Amino acid sequence: MIEIVRAKPADAEALSAIAFSAKRVWGYPEAWIDAWCHVLTITPEFIANEETFCVMEGETAVGFYALIREHERLRLEHLWVLPRAMQRGLGRALFEHAVARARALGFGGFEIEGDPNAEPFYLRMGARRVGSVLSEVCGERRELPTLRFGSV
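Heads up: these notes are all about the structure in this document. Because the structure is a prediction, the values reported are computed rather than measured.

What follows is about the layout of surface pockets. Over the atoms, a rolled probe matching the size of one water molecule traces out where space is still vacant. Approximately 1,000 Å³ is the volume attributed to the largest pocket. For the lining of the largest pocket, the secondary structure elements donating two or more residues are helix 1 (12–24), helix 3 (37–40), strand 4 (73–81), helix 5 (90–104), strand 5 (109–113), helix 6 (119–124), strand 6 (128–137) and strand 7 (140–150). Counting residues per element, the lining of the largest pocket draws most heavily on strand 4, at seven residues.

Moving on, we come to the packing of aromatic side chains. This model, assessed by the stated rule, comprises 12 aromatic pairs. Considering the side-chain rings of Phe 95 and Phe 110, the 5.5 Å spacing of their centres and the 70° angle between planes classify their relative orientation as edge-to-face. Residue Phe 95 is found in helix 5, and its partner Phe 110 is found in strand 5; the two are separated by 15 residues along the sequence. With respect to burial, Phe 95 and Phe 110 carry one shared label: buried.

Pairing is mixed in the open sheet, where seven strands are placed in the order 1-2-3-4-5-7-6. On the outer flanks of this sheet lie strand 1 (3–6) and strand 6, each paired with one strand and no other. Strand-to-strand, the axes of this sheet are offset by a mean angle of 25°, without reference to chain direction. When strand 1 meets strand 2 (residues 51–57), the two strands line up antiparallel, connected through four bridges. Directly across from Arg 6, in strand 2, lies its bridge partner Phe 53. Where helix 1 meets the sheet, it contacts strand 2, strand 3 (60–70) and strand 4, and its direction lies at approximately 95° from that of strand 3.

Following the criterion strictly, the structure yields 15 salt bridges and no others. Of the charged contacts in the structure, one is a salt bridge between Lys 8 and Asp 11, with a shortest N-O distance of 3.9 Å. Judged by its relative accessible area of 49%, Lys 8 falls in the partly exposed class. Judged by relative accessible area, which is 18%, Asp 11 ranks as buried. Ionic pairing is found between Arg 142 and Asp 115, a salt bridge with its closest N-O pair at 3.4 Å.

Bringing the environment of Trp 36 into the picture now. Structurally, Trp 36 is set in the loop between helix 2 (30–35) and helix 3. C-alpha of Trp 36 to C-alpha of Glu 59: the two residues are 23 residues apart in sequence and 28 Å apart in space. If we skip the residues at most four places from it in the chain, Trp 36 touches Lys 23, Tyr 28, Val 137 and Arg 142.

Turning to helix 5, a few remarks are in order. Taking 1.5 Å per residue as the helical rise, helix 5 with its 15 residues ought to reach 21 Å, and the 21 Å between its terminal C-alpha atoms agrees with that figure. Every buried residue of helix 5 is listed here: Leu 90, Gly 91, Ala 93, Leu 94, Phe 95, Ala 98, Val 99 and Ala 102. One or two residues past the end of helix 5 sits Gly 106, with phi positive at roughly 90°.

As a further point, take unusual backbone geometry. One non-glycine residue, His 71, lies in positive phi territory at about 60°. Position of His 71 relative to the elements: it lies in the loop between strand 3 and strand 4. Positive phi is not limited to glycine here, since Gln 87 has a value of about 65°. Tracing the backbone shows Gln 87 in the loop between strand 4 and helix 5.

Reading guide: rules and limits
- Residues numbered from 1 in each chain as written.
- Predicted model: local features only at pLDDT ≥ 70, side-chain atom pairs only at ≥ 80, totals over all residues.
- Heavy atoms only, no water.
- 1 Å grid on protein atoms, 1.4 Å probe; cavity = no way out; pocket = protein on both sides within 12 Å on 5 of 7 lines; lining within 4 Å.
- Points joined across faces, edges and corners; volume = space filled by probe spheres on them.
- Helix = DSSP H or I, 4+ residues; strand = E, 2+ residues; numbered from the N terminus.
- Phe/Tyr/Trp six-rings, centres within 6.5 Å; stacked < 30°, edge-to-face > 60°.
- Buried < 20%, exposed > 50% of the residue type's maximum accessible area, 1.4 Å probe, protein only.
- Pairing = 2+ DSSP bridges.
- Axes fitted to C-alpha atoms, helices over the stretch in contact; angles between N-to-C directions.
- Contact = heavy atoms within 4.5 Å.
- Salt bridge = Lys/Arg side-chain N within 4 Å of Asp/Glu carboxyl O.
- Expected span 1.5 Å × (residues − 1).

Now the structure itself:
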């Protein structure tokens, strides 16, 4: 049985470790990982202020997601699973939990600005691509897909 629980501020270090480990799976240069440090680091304040949930394996968080309210919209900010726990349906369980949570908050869906490597997962989950955002890391230009799930 998959258990998903509300994250606690004390989980910040563990969730950061999950985000960094999962991002490294895609083989990005370590300089890029360093450049994304501010994005991948989850703070206790972030957890206290945002809808952040963990998937548990015993007493250990092995994945998490966060939903962020931006005015009248909701955005899926994070969805990460530890590499050793991938390919077991935990990402799908987290996504489905995020959908249910969005509905409980009164939203018909949410927006996603994802890593290009994560886009196929989001498309399989039913999101649709609605555009892209240009980004740059360490002098390299990147195109990040923007997606929507449900009615936003």
